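Structural characterization, general
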Amino acid sequence: HDAFGMSRYARSVCERWAAAGFLTLVPALYDRQQAGAGFDDVEQHPERMAAARSLRGGLAWDRVLQDVAAACNWLRQQGKVGKVGILGFCVGGSVVWLSAARLAFDAAVAYYPSDILSLSDCQPRCPIQLHFGQHDTLIPIDGVRALLAQRAGAGTGLPAFEYAAGHGFDGPSTRHDAAASALAGERALAFLRARLA
């Protein structure tokens, strides 16, 4: 999920991927701090935005990765899946970036991973696809381009796409950009279907 936890949006993403034929699971990453935390309509309710930011600031990467690893293992134990992928948005995109480097996933898709520049030393061990908004005020696109150019120069290029949109372009309300969301969704779906078949 993104910075707003188990919101209506997070649940809708899960339902969207389930409708596309995937067995889906959303780990509630804030549960260690506040069980079931989810924040909707944050633009109209500043106190919800503040609460979400507080929980996001309280995340400890090692514990997050423990929870994500448990979710991955649970999916593998279901007997219905052979390969497991991970997809995330914003802070969830950062979780994807870390998980692709440190956990045993078969494919990964990260939408605007908010911590990618501070976690630039991560080396994904599975195929990963990245999506960024050119007008993202949280993730400077020039920094992203520099990181991608550095990786390409080292022979470890990463497939990344840019969109004429801002941060959270797949998300709800005023952040949503229908064209960017649709195109990124098509690319992510094709990428995961090809690698998780």
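Not measured: the values here are computed from a predicted model.

A look at the overall build of the protein chain
A count of helical and extended segments in the protein chain gives 6 helices and 4 strands. The helix and strand sequence of the protein chain, counted from the amino end, reads α-α-α-β-α-β-β-α-β-α. By the compact-globule yardstick of 16 Å for 197 residues, the protein chain fits well, its C-alpha radius of gyration being 16 Å. For the protein chain, the spread of C-alpha atoms along the three principal axes comes to 45 × 45 × 30 Å. Counting every position in the protein chain, which comprises 197 residues, the buried fraction comes to 45%. Element-wise, carbon and sulfur atoms account for 53% of the exposed surface of the protein chain, whose accessible area totals about 9,400 Å². Distance from the positive charge centre (19 side chains) to the negative charge centre (18 side chains) of the protein chain: 7 Å.

Points about the packing of aromatic side chains
Enumeration over the complete set of coordinates arrives at 8 aromatic pairs. Considering the side-chain rings of Trp17 and Phe22, the 5.2 Å spacing of their centres and the 65 degrees angle between planes classify their relative orientation as edge-to-face. The interplanar angle of 55 degrees and the centroid separation of 6.3 Å between the aromatic rings of Phe89 and Tyr112 together place this pair among those described as tilted. Here Phe89, found in strand 1 (residues 85-89), pairs with Tyr112, found in the loop between strand 2 (107-111) and strand 3 (128-133); they are 23 residues apart in sequence, far enough to count as distant. Residue class for Phe89 comes out buried when judged on its relative accessible area of 4%. By the ring-pair criterion, three or more aromatic residues cluster together here, those being Tyr9, Phe89, Tyr111, Tyr112, Tyr163 and Phe169.

Here's the deal with helix 5 (residues 141-153)
Within an α-helix, residues lying three or four positions from one another point in the same direction, as the helix has 3.6 residues per turn. For helix 5, built from 13 residues, the straight-helix expectation of 18 Å at 1.5 Å per residue is met to within 8% by its first-to-last C-alpha distance of 18 Å. Buried residues of helix 5: Ile141, Val144, Leu147, Leu148 and Arg151, and no others. Taken down its axis, helix 5 places every buried residue within 120 degrees of arc, on the same side. Exposed side chains of helix 5 directed beyond 90 degrees from the buried face belong to Asp142, Gln150 and Gly153. Of the surrounding secondary structure, the elements contacted by the buried residues of helix 5 are helix 4 (91-102), strand 3 and strand 4 (160-163).

Topic: the layout of surface pockets
A volume near 710 Å³ is recorded for the largest pocket. Lining the largest pocket are 34 residues; nearest its centre among them are Thr24, Leu25, Gly85, Ile86 and Leu87. For the lining of the largest pocket, the class distribution of residues is 26 nonpolar, 6 polar and 2 charged. Lining the second largest pocket are 18 residues, with Ala3, Phe4, Arg53, Leu138 and His167 sitting closest to its centre. With 3 residues, the single largest contributor to the lining of the second largest pocket is helix 2 (residues 46-57). A per-class count over the lining of the second largest pocket returns 9 nonpolar, 4 polar and 5 charged.

Details of the environment of Ala71
With respect to the helices and strands, Ala71 occurs in helix 3 (residues 61-77). The exposure class of Ala71 is buried, given its relative accessible area of 12%. With 46 residues separating them in the primary sequence, Ala71 and Leu25 have C-alpha atoms 7.4 Å apart. If near-sequence neighbours (up to four positions away) are discounted, Ala71 is found in contact with Leu25 and Pro27.

Rules of the game
Residues numbered from 1 in each chain as written. Predicted model: local features only at pLDDT ≥ 70, side-chain atom pairs only at ≥ 80, totals over all residues. Heavy atoms only, no water. Helix = DSSP H or I, 4+ residues; strand = E, 2+ residues; numbered from the N terminus. Rg over C-alpha atoms; globule rule 2.2 N^0.38 Å. Buried < 20%, exposed > 50% of the residue type's maximum accessible area, 1.4 Å probe, protein only. Areas by Shrake-Rupley, 256 points an atom, 1.4 Å probe, with all protein chains shown as cover. Lys, Arg positive; Asp, Glu negative; His and termini not counted. Charge placed at Lys NZ, Arg CZ, Asp CG, Glu CD. Phe/Tyr/Trp six-rings, centres within 6.5 Å; stacked < 30°, edge-to-face > 60°. Expected span 1.5 Å × (residues − 1). Arc of directions from axis to C-beta. Contact = heavy atoms within 4.5 Å. 1 Å grid on protein atoms, 1.4 Å probe; cavity = no way out; pocket = protein on both sides within 12 Å on 5 of 7 lines; lining within 4 Å. Points joined across faces, edges and corners; volume = space filled by probe spheres on them. Nonpolar A, V, L, I, M, F, W, Y, C, P; charged D, E, K, R; others polar.

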